[in-house]
Each structure stands twice: as structure tokens, then as C-alpha cells.
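What the coordinates show
Now for the letters of each chain:
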Amino acid sequence: MHNVFLSLGSNLGDREKYLFEAVKEISKIPDVSIIKVSNIYETEPVGYLEQEKFLNTALKLHTELEPLELLEHLQKVENMLKRTREIRWGPRTIDIDILMIDDLRIDLEELEIPHPRMFERAFVLIPLMELIEREDSFIDKIKNCINNCTDKNGVVLYKKAEEVFCSLLPTCFF
Ligand code: GSY
């Protein structure tokens with residue numbers, strides 16, 4: 001069984017609906033159980049700045065799938081939600097990134113774990129920190145990085161997880 005953390009973001013169309021649909025589709029992937037979902041944050045765009053604000057959330061999963069199998073399923077969810085990616089760092093209906101899988105380090109063209117830019121991004125780390133337990137690896141690094149992130153003022157609580165995802169998950173998951 002693998003312990004997995006994901007980051008989800010949307011800044012095109014009905015952003016909240018895309019996050020909801022993405023979590024719904026992820027919950028249907030065989031051999032995947034959603035353990036916890038973070039609150040949703042509204043975040044200033046990072047990278048390509050001339051675009052709308054994002055909504056970001058994070059998920060903790062347990063899965064029997066191997067990393068590349070999980071990636072394939074998540075890419076299907078992105079495709080199903082009509083993700084468009086005309087500009088490299090530009091607007092998208094949904095973005096699903098695998099952040100960490102156990103203590104694994106993976107260095108493949110299609111998948112780098114831990115996610116190569118996660119420790120620089122407050123929009124990833126602030127939701128993620130809600131899901132992290134004391135025994136999880138990288139906890140000290142995540143805390144330090146949040147303290148040092150210059151963009152954390154651009155990350156503002158938008159909605160509590162239970163307001164948005166309650167029909168998908170038991171309350172104990174929030
Ligand atoms: O890497 C995910 C897509 N993305 C985001 C995002 O999800 N949130 C914010 N705030 N900025 C972003 N820039 C990119 S690219």
C-alpha cells in the first residue's frame with residue numbers, strides 16, 4: 001500500500017466544480033482510497049502571471065497501484081475534465097500533480113517524485129500541510145519551506161473542505 005499526496009488546481013470556468021469533479025473521479029479509481037482532503041484556497045498565479053486566480057486543494061490517498069499506473073489514471077481524469085493547456089504555465093480547468101509517494105524518489109521523464117517544484121510553492125505547501133502527520137517524511141522540510149515562501153500572502157482560505165466535498169466523503173476525512 002502506498003501513501004500518496006496530490007495537489008489539485010483550477011483557474012478556468014467553474015473552478016470549484018472542476019475540483020469537486022476531480023475529487024469525485026479520483027475516488028472512483030480502482031484500488032484508490034481517499035484518506036483526507038484539505039480546505040480549498042484561492043491563490044495568486046505563479047509562473048505565468050497574466051491569468052486568473054487559482055483554486056487549490058490537496059488530497060491524501062492510499063493505493064495499491066504502482067506510481068505509473070496511478071499517473072495514468074490521474075491523466076485520464078484530467079483529460080475527462082477537458083483540461084486545456086495551450087500556454088505552458090497558463091490557465092487550466094484542472095491540474096493534478098502527484099507530490100509525494102511514501103519516501104520514494106522517482107526520476108523518470110514522465111514522473112518526478114517528490115514533485116520538483118513543490119517546495120517552492122505556497123499554493124501547494126499550505127493545503128498539503130493540513131494533511132501531513134508528525135511521522136510523515138518531509139514534514140520539517142515542508143514547515144521550513146512554508147516559513148520561507150515569499151508567496152504565502154497570495155494563498156487565502158476560500159472554502160472549508162466539508163462545505164464542498166461533504167457529499168463525496170465521510171466527515172471524518174476532513
Ligand atoms: O502547477 C499547477 C498549476 N499552476 C498553479 C496553481 O495550481 N496555482 C497557482 N496559484 N499558480 C499556478 N501556476 C501553475 S502552472
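To be clear, the structure that these remarks concern was listed above.
The structure contained in this document is the topic of the report that follows. Counting of residues starts from 1 at the beginning of each chain's written sequence and follows it residue by residue. Confidence filtering applies because this is a predicted model: local features only for residues at pLDDT of at least 70, side-chain atom pairs given and counted only at 80 or more, and all residues used for totals across whole chains, interfaces and linings. Processing note: side-chain calculations cover all non-hydrogen atoms of the structure and skip hydrogens and water entirely.

Re the site of the ligand
Near the ligand there are 13 residues, and of these Thr43, Glu44, Val46, Asn56 and Asp95 occur at the shortest range. Definition of a polar contact: a pair of N or O atoms within 3.5 Å, with one able to donate and the other able to accept a hydrogen when the atoms are protein atoms, and with sequence-neighbouring residues admitted only if both atoms are side-chain atoms. Contact distances for the ligand include 2.8 Å between a nitrogen atom and a backbone N or O atom of Val46. Here an oxygen atom of the ligand and a side-chain polar atom of Arg121 are 3.1 Å apart. Summarising the interface, the protein chains cover 97% of the accessible area of the ligand, which totals 360 Å² for the free molecule. For the purposes of this entry, the term helix denotes a DSSP run of H or I that reaches at least four residues, the term strand denotes a run of E that reaches at least two, and both are numbered from the N terminus. For the shell around the ligand, the secondary structure elements donating two or more residues are β4 (54-63) and β5 (95-101). Note on residue classes: Ala, Val, Leu, Ile, Met, Phe, Trp, Tyr, Cys and Pro are nonpolar, Asp, Glu, Lys and Arg are charged, and everything else, Gly too, is polar. The residue makeup of the shell around the ligand, split by class, is five nonpolar, three polar and five charged. One heavy atom within 4 Å of a molecule or strand makes the whole residue count as near it. Only the protein chains shown count as cover for residues, and the accessible areas themselves come from Shrake-Rupley with a 1.4 Å probe.

Overview of the packing of aromatic side chains
We call Phe, Tyr and Trp rings a pair once their centres come within 6.5 Å, taking the six-membered ring for Trp, and we label the pair stacked below 30 degrees between planes, edge-to-face above 60, and tilted otherwise. In total, this model carries one aromatic pair according to the counting rule given. Pairing Phe119 with Phe138 gives two aromatic rings, centres 5.8 Å apart and planes at 50 degrees, and the pair type is tilted. Of this pair, Phe119 sits in the loop between β7 (112-113) and α3 (122-129) while Phe138 sits in the loop between α3 and α4 (139-148), and the two are 19 residues apart along the sequence. One exposure class covers both Phe119 and Phe138, and it is buried. Counting as a charge over the ring demands two things of the Lys NZ or Arg CZ atom: a distance within 6 Å of the ring centre and an angle within 35 degrees of the ring normal. Taking the ring centre of Tyr158 as reference, the NZ or CZ of Arg15 above it sits at 5.8 Å. Here the guanidinium or amino end of Lys141 rests over the ring plane of Phe119, the centre of that ring lying 4.1 Å away. Buried means the residue's accessible area, taken with a 1.4 Å probe over protein chains only, is under 20% of the maximum for its type, while exposed means over 50%, and partly exposed covers the values in between.

Some thoughts on α3
Burial within α3 is extensive, with seven of its eight residues counted as buried. Residues of α3 that are buried: Ala122, Phe123, Val124, Leu125, Ile126, Pro127 and Leu128. By definition in these notes, contact holds between two residues if any of their heavy atoms fall within 4.5 Å. Close packing links the buried residues of α3 with β1 (2-10), β3 (40-43), β4, β5, α4 and β8 (155-159).

A short note on the nonpolar core
For this analysis, a nonpolar core means a set of buried residues of the types Ala, Val, Leu, Ile, Met, Phe, Trp, Tyr and Cys, connected via side-chain atoms within 4.5 Å. Formed by 33 residues in total, the largest nonpolar core has its most connected members in Leu6, Ile26 and Ile98. Sorting the residues of this core by element identifies β1, α1 (15-27), β2 (32-37), β4, α2 (67-80), β5 and α5 (161-165) as the ones contributing at least two each. In terms of residues, this core owes the most to one element, α1, which gives five residues. Of all hydrophobic cores here, the second largest spans 22 residues; its members include Tyr41, Met100, Met118 and Ile146.

Remarks on unusual backbone geometry
With omega at -10 degrees, the peptide bond leading from Ile113 into Pro114 counts as cis. Positive phi is not limited to glycine here, since Asp31 has a value of about 65 degrees. By the secondary structure assignment, Asp31 is in the loop between α1 and β2. Look at Asp102: it is not a glycine, yet its phi comes out positive at around 45 degrees. Tracing the backbone through its elements, the reader meets Asp102 in the loop between β5 and β6 (106-107).

Observations concerning the packing of α3 against α4
Where α3 meets α4, the closest approach of the two axes is 10 Å, and the angle between their N-to-C directions is 130 degrees. Judged by the angle between their axes, α3 and α4 are oblique. Regarding α3 and α4, the two cross each other, and that crossing is left-handed. Two secondary-structure elements touch here, α3 through Leu125, Ile126, Leu128 and Met129 and α4 through Ile139, Ile142, Lys143, Cys145 and Ile146. Here the contact of α3 with α4 is built from residues that sort into eight nonpolar, no polar and one charged. Here an axis means a line fitted to C-alpha atoms, over the contact stretch when the element is a helix, while the angle between two N-to-C directions is reported on a 0 to 180 degree scale. Geometric relationships in this document are graded by angle, where less than 35 degrees denotes roughly parallel, more than 145 denotes roughly antiparallel, 65 to 115 denotes roughly perpendicular, and other angles denote oblique. In this scheme, a crossing is called left-handed if the near helix is turned counterclockwise away from the far one by less than a right angle; it is called right-handed if the turn is clockwise.

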